[in-house]
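# Structure at a glance
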Amino acid sequence: MAEEQDLSTATDEVIHETVLAWLKDNWRTDRPLAEWRNILVDGGWAAPDWPTECYGRGFSLAQAQVVQRAFREVGAVGAALGGPGNLAAHTILAHGNEAQKRRYLRPILTGEHAWCQLFSEPGSGSDLAGLTTRAKRDGDNYIINGQKVWNTSAHHADFGILIARTDWDAPKHQGISYFLINMRQPGVEVRPLRQMNGHASFNEVFLTDALVPVTDRLGNEGDGWRIASSTLSAERQAFSRDRGIGTLREREGTIYAEYAAEQAIAQEPYTWYPQRAGRVDLALPRAMATGAIRDPVVRQELARLLCLAHAAEYAAASAAATRRAGSNTIVPAGSIAKLTASLIARQASHVHTLVSGPEAMLGGSDGPMDGVIAEILLSVPAISIAGGTDEIQKNIISERVLGLPKEPRFDTGPFRDIPRNAS
Ligand SMILES: Cc1cc2nc3c(=O)[nH]c(=O)nc-3n(C[C@H](O)[C@H](O)[C@H](O)COP(=O)(O)OP(=O)(O)OC[C@H]3O[C@@H](n4cnc5c(N)ncnc54)[C@H](O)[C@@H]3O)c2cc1C
């Protein structure tokens, strides 16, 4: 990061021109992808909104978008930030020590390390703090035993962000610690799960005497719940953002071919995510094409959908403006965005059902749009569950935004004494 000038107070025009000039000197389509990404990191353009001491330039989100625009104009490949790697980076940046930042952040940006999130367990999803995976200190290591589930991308992850219980005598939320675990070791077994929409994005992960060096614990022992909460806030926030699946894959050149191969693996678990969001974009064209638009009930439900979708766009723009102005409202904004995304997806699914009728149930080439409509109906329920269910978002909003009283708790005192499923 030697030659960097401070552009954090520069105008958008200056930033845009500076990035274009830098890309003119450095971007070549015949470079290997890894070489390019390292140049990108060294140039300070891989994650310009990260702090200057961690490969960034301390840019605001709005300034980082100006950089992205310049990359898009040139057709240049960006850093490998997306999915669980993004969550890991967010959490390491906020809570990691210097050694952890040095070791883990750069390979996330260059795409050399893929990550997964090992939070949920068979007996603890909404009640995440009830987790029972154990991390027992043994000299310079922790020995991990337990089972995680619904872990997106774990089947090709090199590392995982893991929460596990280190103290059974502490109250539920205080006995948890946060770890960075190497997935490529003998005690980690990953078993893929098949979903009702035919895809296999998640896994079960069995941890049997897996090892995590003490140096890979994030924060202090017992501080895991606070750190996990910041990961979850970032995850909810991501629901209101574009996934950024680029169109660069279709271009020609060595680097694009490598990028396409990388993306085919990294994005494979997310290919059905547009369907999960309800495909609002298809609702009006299909209503017109099928003639269902003439039905007043369809028109009314369609109007309701489009109003909701527009309202969500304005709410997202307002949340983005609040963030740009420096306000830290990430928790409620993320919960509201997530809940709205669920509402829209369900309404879209309802409209697609009205428009397509019983044919909506036919998958593959037998169904409308080669089965896309059936895939929507089978995928939409996931959005109300992933990243915290709708009911949990409502609890967060009612307690933290509206200031309503909390639900009565029966899970105080030492965790070992709290009644839970036999295990
Ligand atoms: C697409 C997708 C991707 C995912 N990716 C990951 C991942 O990468 N890593 C990971 O660790 N996990 C992942 N998950 C798991 C996800 O976080 C959990 O499924 C979610 O937290 C819900 O937990 P659960 O499935 O155990 O449901 P439960 O917690 O058992 O909930 C069952 C029902 O009870 C309701 N309920 C529970 N508690 C309350 C309460 N206090 N008040 C009101 N209602 C309540 C819920 O809203 C729900 O309707 C993913 C899930 C999906 C669908």
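Values in this document were obtained by computation on a predicted structure and should not be read as measured data. (Residues numbered from 1 in each chain as written. Predicted model: local features only at pLDDT ≥ 70, side-chain atom pairs only at ≥ 80, totals over all residues.)

To continue, consider the overall build of the protein chain. Helices and strands together make up the secondary structure of the protein chain, namely 13 helices and eight strands. The C-alpha atoms of the protein chain give a radius of gyration of 23 Å, which matches the 22 Å a tight globule of 423 residues would have. Dimensions of the protein chain, computed from C-alpha atoms along their principal axes, come out at roughly 70 × 60 × 45 Å. Per-residue burial over the protein chain gives 37% buried out of 423 residues. Long-range contacts, defined as pairs at least 24 residues apart, comprise 72% of the intrachain contacts of the protein chain with a sequence gap of at least 6. (Helix = DSSP H or I, 4+ residues; strand = E, 2+ residues; numbered from the N terminus. Rg over C-alpha atoms; globule rule 2.2 N^0.38 Å. Buried ≥ 20, exposed ≤ 12 C-beta atoms within 10 Å, placed from the backbone. Contact = placed C-beta atoms within 7 Å.)

Across the protein chain, the average pLDDT comes to 91, with 93% of residues at 70 or higher. Confidence over residues 240-246 falls short of pLDDT 50; this stretch has seven contacts with residues more than four positions distant or in other chains. (pLDDT = per-residue confidence, 0-100.)

Before going further, it helps to examine the site of the ligand. Taken together, 18 residues lie around the ligand, and Gly 125, Ser 126, Ala 386, Thr 389 and Glu 391 are the ones closest in. Mapped by element, the contributors of at least two residues to the shell around the ligand are β1 (115-118) and α13 (390-401). Here the element with the most residues in the shell around the ligand is α13; it accounts for three residues. Across the shell around the ligand, the residue classes break down as eight nonpolar, nine polar and one charged. (Near = placed C-beta within 6 Å. Nonpolar A, V, L, I, M, F, W, Y, C, P; charged D, E, K, R; others polar.)

For the rest of this paragraph, the subject is the nonpolar core. Core analysis: the biggest nonpolar cluster contains 60 residues, and Ala 46, Leu 109, Ile 144, Ile 163, Phe 179 and Ile 181 have the highest contact counts within it. With near-sequence residues (within four places) excluded, Ile 163 lies in contact with Phe 119, Leu 131, Ile 176, Tyr 178, Gly 224 and Ala 228. Core analysis: the second largest hydrophobic core is formed by 27 residues, Val 280, Ala 341, Val 351 and Ile 376 among them. (Core = buried A, V, L, I, M, F, W, Y, C linked by C-beta atoms within 7 Å.)

Let us now look at the pairing of strand β5 (residues 176-182). Extensive coverage of β5 is indicated by the burial of six of its seven residues. As defined by bridge partners, strand β4 (residues 159-165) adjoins β5 across seven bridges and the pair is classed as antiparallel. Each bridged residue has a counterpart across the sheet, and for Phe 159 the counterpart in β5 is Asn 182. Pairing analysis gives two bridges linking β5 to strand β8 (residues 217-218), with the strands arranged antiparallel. Bridge assignment links Phe 179 to a residue of β8, and that residue is Arg 217. (Pairing = 2+ DSSP bridges.)

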